[in-house]
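Coordinates in review
Spelled out, the chains give:
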Amino acid sequence: MILHSNLDEKIIALDHADLEPQSLASSGHFLSALMISLVKALRDVWQQKRNSGYENLFNPESVLLLERVRAADACVLAVLVAWELRSEDHAGLWRTMIGSDYGDLALTFSGTLEREPASAFTQHALALTFQQWFRDEERVAACDHETLDMMDNLLAQEKPHIFGKKSPTHICVELFSCLPDRTAYLRGDGTEILRNPYFCGLGDPVNQTHLMQIMHDAEAHYAGGVAFRSADLASMIFPEGGVSEPLEEEVTRL
């Protein structure tokens, strides 16, 4: 599990399950789980360097979708790394992957390669693994919950209008799937991801309510503790200083 990553300080903090280094090194299971988290963290850092700051460009609904794409991609890359290490006689990571919460992704990837050996060269197996990530409603809801909390924190930093107005293009989505050889395993799938409710739908009622609140807060202009749609109206009712001068005079007389 990734606890913290700081791109500026070049720090990645991982959950070591309260194990001492000696115990961790002697436990194949926990060591493999830590390695899976490290692979995901490194992929996330790579994404931050290439695609960070999109919350300033896109609207909250789009940010929610792109965070899903980013999370799914990190899991897909972890599956790919585990498979390639298995091919190099380091099967421990793959065994842990099969028995983890990502077991369905690993089985989708390996099953596709068994049925279609050529999919290893076309990245079709990776694309199907990406799609499988969205089949787990709890996994998607948990990702959405983390994203909504992140957006709430941005709003709490007195940045009510931090989010943009735009929606991403299919190219923006596909760029998240770029591999080191500059191929994108989601090439040609971006449009479908943007319009298909399977990828962009929001079914969890709690997350729906949370998103509606964030969208409201992101558009609101606050003055005197009251939310206004119009900044001009807010400044007319609550000029600089919080309350109008006549009201201040009335309070003084009382």
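Residues numbered from 1 in each chain as written. Predicted model: local features only at pLDDT ≥ 70, side-chain atom pairs only at ≥ 80, totals over all residues. Heavy atoms only, no water.

What follows concerns the overall build of the protein chain. Looking only at helices and strands, the protein chain has 14 helices and four strands in total. Put simply, 62% of the contacts in the protein chain that link residues at least 6 apart link residues at least 24 apart. Taken as a whole, the protein chain presents about 15,000 Å² of accessible surface, with 55% of it coming from carbon and sulfur. (Helix = DSSP H or I, 4+ residues; strand = E, 2+ residues; numbered from the N terminus. Contact = heavy atoms within 4.5 Å. Areas by Shrake-Rupley, 256 points an atom, 1.4 Å probe, with all protein chains shown as cover.)

Structurally, the position occupied by His210 is in helix 12 (residues 205–219). Leaving out residues up to four positions away in the same chain, His210 has contacts with Leu148, Asp149 and Asp152.

Another aspect to go through is the nonpolar core. Core analysis: the largest hydrophobic core is formed by 51 residues, its most contacted members being Phe109, Phe130, Trp133, Met151, Phe163, Tyr185 and Ile193. Counting residues per element, the ones that place at least two in this core are helix 2 (28–51), helix 3 (60–87), helix 4 (92–98), helix 5 (103–115), helix 7 (124–133), helix 8 (137–156), helix 9 (170–175) and helix 12. Considering each element in turn, this core owes the most residues, 14 residues, to helix 3. If sequence neighbours within four positions are ignored, Phe109 has contacts with Val79, Leu80, Trp83, Trp94, Ala125, Leu126 and Thr129. (Core = buried A, V, L, I, M, F, W, Y, C linked by side-chain atoms within 4.5 Å. Buried < 20%, exposed > 50% of the residue type's maximum accessible area, 1.4 Å probe, protein only.)

Turning to the pattern of salt bridges, a few remarks are in order. In total, this model carries six salt bridges according to the counting rule given. A salt bridge links Asp44 to Arg70; the nearest nitrogen and oxygen atoms lie 2.8 Å apart. Note that Asp44 is positioned in helix 2 and Arg70 in helix 3, a separation of 26 residues in sequence. With a relative accessible area of 12%, Arg70 lands in the buried category. The network of salt bridges with shared partners includes Asp44, Glu67 and Arg70. (Salt bridge = Lys/Arg side-chain N within 4 Å of Asp/Glu carboxyl O.)

It is worth spelling out helix 8 at this point. Taking 1.5 Å as the rise per residue, helix 8 with 20 residues should run 28 Å; its terminal C-alpha atoms sit 28 Å apart, in good agreement. Buried within helix 8 are the following residues: Arg139, Val140, Ala141, Cys143, Asp144, Thr147, Leu148, Met151, Leu154 and Leu155. For helix 8, the N-terminal capping position is held by Asp136, with its side-chain oxygen 3.1 Å away from the main-chain nitrogen of Glu138. (Expected span 1.5 Å × (residues − 1). Polar contact = N/O pair within 3.5 Å; in protein donor to acceptor, adjacent residues only side chain to side chain.)

Below, the discussion takes up the packing of helix 8 against helix 12. The interhelical angle for the contact between helix 8 and helix 12, taken along N-to-C directions, is 25 degrees, at an axis separation of 10 Å. By the criterion of interaxial angle, the relationship of helix 8 to helix 12 is roughly parallel. Seen along the crossing, helix 8 lies across helix 12 with a hand that is left-handed. Residues Ala141, Asp144, His145, Leu148, Asp149, Met151, Asp152 and Leu155 of helix 8 form the contact with helix 12, whose participating residues are Asn207, His210, Leu211, Ile214, Asp217 and Ala218. Taken together, the residues of the contact of helix 8 with helix 12 sort by class into seven nonpolar, three polar and four charged. (Axes fitted to C-alpha atoms, helices over the stretch in contact; angles between N-to-C directions. Parallel < 35°, antiparallel > 145°, perpendicular 65-115°, else oblique. Left-handed = near helix turned anticlockwise from the far one by under 90°. Nonpolar A, V, L, I, M, F, W, Y, C, P; charged D, E, K, R; others polar.)

Right, let's talk about the confidence of the model for the protein chain for a bit. Of all residues in the protein chain, 81% have pLDDT values of 70 or greater, and the mean over the chain is 83. Contacts for the low-pLDDT stretch residues 241–254, under 50 throughout, to residues beyond four places or in other chains number four contacts. (pLDDT = per-residue confidence, 0-100.)

So, about unusual backbone geometry. One can expect most non-glycine residues to show negative phi and most peptide bonds to be in trans. Positioned with a positive phi, Gln123 is a non-glycine residue whose angle comes to about 65 degrees. On the secondary structure map, Gln123 appears in the loop between helix 6 (119–122) and helix 7. Assessed through its relative accessible area of 14%, Gln123 is described here as buried. With a phi angle near 75 degrees, Arg182 is a residue other than glycine that sits in the positive phi range. Take Arg182: it is sitting in the loop between helix 9 and helix 10 (190–195).

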